[in-house]
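Coordinates in review
Letter by letter, the chains look like this.
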Amino acid sequence: MILIKKIINILKFTTIKKILLIEFLTLALDILEVTRPFFMGKSIDDILRSDINTVAIKLVFYTITILLSSFLDYYQAIIMTKTNFEIELGCSRSFIQRFLGEKSNLYSKINEIVLGDIAEVSKIAVQVIDIIIFNSVSAILVIYFCLRIHYSLTVIIIVSLPFLYCINNLLGQRIESMNTIHKNSIDELNEEFTYLKTGIPVVKSLNATEYLEQKINKFVTNVNKLKFRISYYFVVKNTVLEISNYLIYLAILIIGIVLIHNQKITIGQFIAFNSYSAILTKNFNSLTEVMYMSREFRVSYDRIFDSNNMRYSQVNYVNSKDYSIALNNVSFKIGNIKILKSISYNFPKTGLIFIVGESGSGKTSLLKAMGGLIPEITGTVSVSTSNSNILYLPQTPVIFKDSIYNNIVLGKVIEEIEFLEVVKQLKIQYLLRKDNLKNPDSLDQTLSGGEKQRISFARAILANPDILLLDEFDSALDNENSEQLHKIIRELSKEKLILLATHDMSRIDSQDQCILIENGRIKEVAFFEDVGI
């Protein structure tokens, strides 16, 4: 039932009309396929009786059914391709909406969900229904025609089906479990490649390419070993099934020869029965393949929609006039390493607070926890509903492959006067003048670190958040631009809360409030001149 619900959830991205059309064509193909062996067997018996006229009529009918089947098969394939595209597109949009979320503080964590998973569930959702209907109806019709030929031959086929089912199910479960591990391993490999790619220039300059090569080769080897094991089980399953089918066919052949000798059936009927047994075996293999496809479907579906792959922030919204954000015993760890340790503090509605401390003390993690960007925290983060718009700016800004203007507004409708005022404040008008000369695909490489940080800060000003969390936001700026941004920040802090994590003490005044973080804990909250740094 759970699988059916998941398939229905995927099929909602297309129309019921197309699904019904596909299944109507499936039934038509069923009837055409099942009647062909019957007429072929009759034609052979007519040849043996030298009834050429009847044979000619049946062969013409046989040819028409083949041509009609080919046309219907082609038409169905076109409809299925369009339906798969619709479902894949709808599924992709649904995933993107869930991934991005609807609130600024919503955080989504995924295991590198690949487009292959979305394509797979879209394809399987349609195919599963089609395979079940086609092969079930076909099997019923085939058994009917087989019983008309001879019941003992039919019994052999029917009795063999449970045995074939056990083989498929036993080896299929093993393949499913390994396939899940394999897909997750591929995701990890992609993550590893993305991460290692950024370190290639450093590794080359240090003449340590062998180190990087060993790390990549080890990961690739493990993934390929797992892939080989999956392929091995596929080969074993197919070989066992092939041997089983041969033994079943041998039994049918022996009994068929005896029945022909005793004139219980004709040669034409036996040939027709052989065709029907092949169809029935194909039907059964296809239906058992549905089990494997359903396992594949569940693996990919859960990787796309499972809440374990997409977790959200643990921020609570409360009505408070006393604070904007309240932390209560907030802790966070990666593996066994504790990053934040039982932090509790109530932040005011407005003002500028500097977060200071040594590298690795937990400053960045604290800002991310406050912004709802770490779902694995323990404790509570409570945000006042009047200050719910929180914006976190990382030290390294994200630059998209687009124009400078679009990188700043990010699709929002911004008044031209307001936009020009902000870029003038941040002294980045010259970037707009050169915008047409820049190649969007190489924008991330052509901009300096300081230019990226000013673009990122322009986004923040235009977004007008209630709470602004800045993480070393000016680390790549020269003194002049850094001083200008700090003036803007002090002005903004009169109306909103701004938390600034920094190592640069030169921009902090003696009467600025500071929070000193040490080993994941708040060691001291005081004016800068009183903080023991």
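Residues numbered from 1 in each chain as written. Predicted model: local features only at pLDDT ≥ 70, side-chain atom pairs only at ≥ 80, totals over all residues. Heavy atoms only, no water.

Counted as a void, the largest pocket has a volume near 1,100 Å³. As for the largest pocket, its lining consists of 26 residues, and the residues nearest its centre are Leu-391, Tyr-392, Pro-394, Val-398 and Arg-459. Elements that contribute at least two residues to the lining of the largest pocket include exactly strand E6 (390–393), helix H9 (404–409) and helix H13 (449–463). Considering each element in turn, the lining of the largest pocket owes the most residues, five residues, to H13. Here the residues of the lining of the largest pocket sort into 17 nonpolar, six polar and three charged. (1 Å grid on protein atoms, 1.4 Å probe; cavity = no way out; pocket = protein on both sides within 12 Å on 5 of 7 lines; lining within 4 Å. Points joined across faces, edges and corners; volume = space filled by probe spheres on them. Helix = DSSP H or I, 4+ residues; strand = E, 2+ residues; numbered from the N terminus. Nonpolar A, V, L, I, M, F, W, Y, C, P; charged D, E, K, R; others polar.)

Turning next to the packing of aromatic side chains. Counted according to the given criterion, the structure contains seven aromatic pairs. Consider the rings of Phe-71 and Tyr-75, whose centres lie 6.5 Å apart with planes at 5 degrees: the pair is stacked. Residue Phe-71 and its partner Tyr-75 are both found in helix H3 (residues 52–100); the two are separated by four residues, about one turn of the helix. For Tyr-75, a relative accessible area of 34% translates into the label partly exposed. An aromatic cluster of three or more residues is present, and its members are Phe-38, Tyr-144, Phe-145 and Tyr-276. (Phe/Tyr/Trp six-rings, centres within 6.5 Å; stacked < 30°, edge-to-face > 60°. Buried < 20%, exposed > 50% of the residue type's maximum accessible area, 1.4 Å probe, protein only.)

Turning our attention to the pattern of salt bridges. This structure, assessed with the given rule, holds seven salt bridges. With its nearest N and O atoms 2.7 Å apart, the salt bridge here joins Arg-490 to Asp-512. In this pair, Arg-490 sits in helix H14 (residues 479–492) while Asp-512 sits in the loop between strand E8 (497–501) and strand E9 (513–518), placing the two residues 22 residues apart along the sequence. Look at Arg-490 and you get partly exposed, because its relative accessible area is 25%. Linking Lys-523 and Glu-518 is a salt bridge whose minimum nitrogen-to-oxygen distance equals 3.4 Å. For Lys-523, a relative accessible area of 51% translates into the label exposed. Given the relative accessible area of 36%, Glu-518 is considered partly exposed. (Salt bridge = Lys/Arg side-chain N within 4 Å of Asp/Glu carboxyl O.)

Positive phi, close to 60 degrees, is recorded for Gln-263, a residue that is not glycine. Mapped onto the secondary structure, Gln-263 falls in the loop between helix H6 (209–261) and helix H7 (267–305). Here Gln-263 falls in the exposed class, since its relative accessible area comes to 71%. The phi angle at Asn-519 is positive, at roughly 55 degrees, despite the residue not being glycine. Within the element layout of this structure, Asn-519 appears in the loop between E9 and strand E10 (521–527).

Strand order in the open sheet made by the six strands is E6-E7-E8-E4-E9-E10, with mixed pairing throughout. Both edges of this open sheet fall to E6 and E10, since each of them pairs with a single strand only. The mean inter-strand angle of the sheet, taken between neighbouring strand axes irrespective of direction, is 20 degrees. One ladder, built from four bridges, connects strand E4 (residues 351–356) with E9; its direction is parallel. From the neighbouring strand, Ile-353 faces E9, where its bridge partner is Gln-513. Across the sheet, helix H8 (residues 363–370) lies against E4, E6, strand E7 (467–471), E8 and E9, angled at about 155 degrees from E7, the strand it touches most. (Pairing = 2+ DSSP bridges. Axes fitted to C-alpha atoms, helices over the stretch in contact; angles between N-to-C directions. Contact = heavy atoms within 4.5 Å.)

By size, the foremost hydrophobic cluster in this structure holds 36 residues, and its most contacted members are Ile-408, Leu-426, Phe-457, Leu-470 and Ile-489. Taken together, the elements giving at least two residues each to this core come down to E4, H9, helix H10 (416–425), H13, E7, H14, E8 and E9. Element by element, the count of residues in this core is highest for H13, at six residues. Residues Ile-377, Tyr-392, Leu-499 and Ala-501 belong to the second largest nonpolar core, which totals 29 residues. (Core = buried A, V, L, I, M, F, W, Y, C linked by side-chain atoms within 4.5 Å.)

In this model H13 runs 21 Å from its N-terminal to its C-terminal C-alpha over 15 residues, within 8% of the 21 Å that 1.5 Å per residue would give. For H13, the tally of buried residues reaches 13 of 15 residues, placing the bulk of the element in the interior. Residue Asn-464 follows H13 closely and has a positive phi angle near 50 degrees. (Expected span 1.5 Å × (residues − 1).)

Scored by pLDDT, the protein chain comes out at a mean of 79, with 82% of its residues at no less than 70. Per-residue pLDDT stays below 50 along residues 102–113; that stretch engages in 40 contacts with residues further than four places along the chain or on separate chains. (pLDDT = per-residue confidence, 0-100.)

Let us now look at the environment of Lys-523. Structurally, the position occupied by Lys-523 is in strand E10. Each C-alpha atom, one on Lys-523 and one on Ile-343, is 9.9 Å from the other, the two residues being 180 residues apart in sequence. In contact with Lys-523, not counting residues within four places along its chain, are Leu-516 and Glu-518. A polar atom in the side chain of Lys-523 sits 3.4 Å from the side chain of Glu-518. (Polar contact = N/O pair within 3.5 Å; in protein donor to acceptor, adjacent residues only side chain to side chain.)

A few words on the packing of H13 against H14. The packing of two helices is summarised by the inter-axis angle and the distance between the axes. Running from amino to carboxyl end, H13 crosses H14 at an angle of 15 degrees, the nearest separation of the two axes being 12 Å. In terms of orientation, H13 and H14 fall into the roughly parallel class. Along this stretch, H13 crosses H14, giving a crossing that reads as left-handed. From H13, Arg-454, Phe-457 and Ile-461 reach across to H14, where they touch Asn-481, Leu-485, Ile-488, Ile-489 and Leu-492. Here the residues of the contact of H13 with H14 are counted per class, giving six nonpolar, one polar and one charged. (Parallel < 35°, antiparallel > 145°, perpendicular 65-115°, else oblique. Left-handed = near helix turned anticlockwise from the far one by under 90°.)

So, about a nonpolar patch on the surface. A surface patch of nonpolar side chains, about 570 Å² in accessible area, is lined by Ile-243, Tyr-246, Leu-247, Leu-250, Ile-254 and Val-258. Tracing the backbone through its elements, the reader meets Tyr-246 in helix H6. The exposure class of Tyr-246 is exposed, given its relative accessible area of 52%. (Patch = residues over 30% accessible without salt bridge, like charges linked within 9 Å, V, L, I, M, F, W, Y side chains within 5 Å. Areas by Shrake-Rupley, 256 points an atom, 1.4 Å probe, with all protein chains shown as cover.)

Taking strand neighbours across the sheet as the criterion, the four strands line up as E1-E5-E2-E3 in an open arrangement whose pairing is mixed. Each edge of the open sheet carries a strand with a single partner, namely strand E1 (315–318) and strand E3 (337–347). The sheet shows a mean angle of 25 degrees between the axes of neighbouring strands, taken without regard to direction. Across seven bridges, strand E2 (residues 325–334) lies against E3 in antiparallel orientation. By the bridge assignment, Ala-326 is partnered in E3 with Asn-346. Strands in contact with H8 are E2, E3 and strand E5 (378–384); relative to E3, the strand with the most contacts, it is inclined by about 55 degrees.

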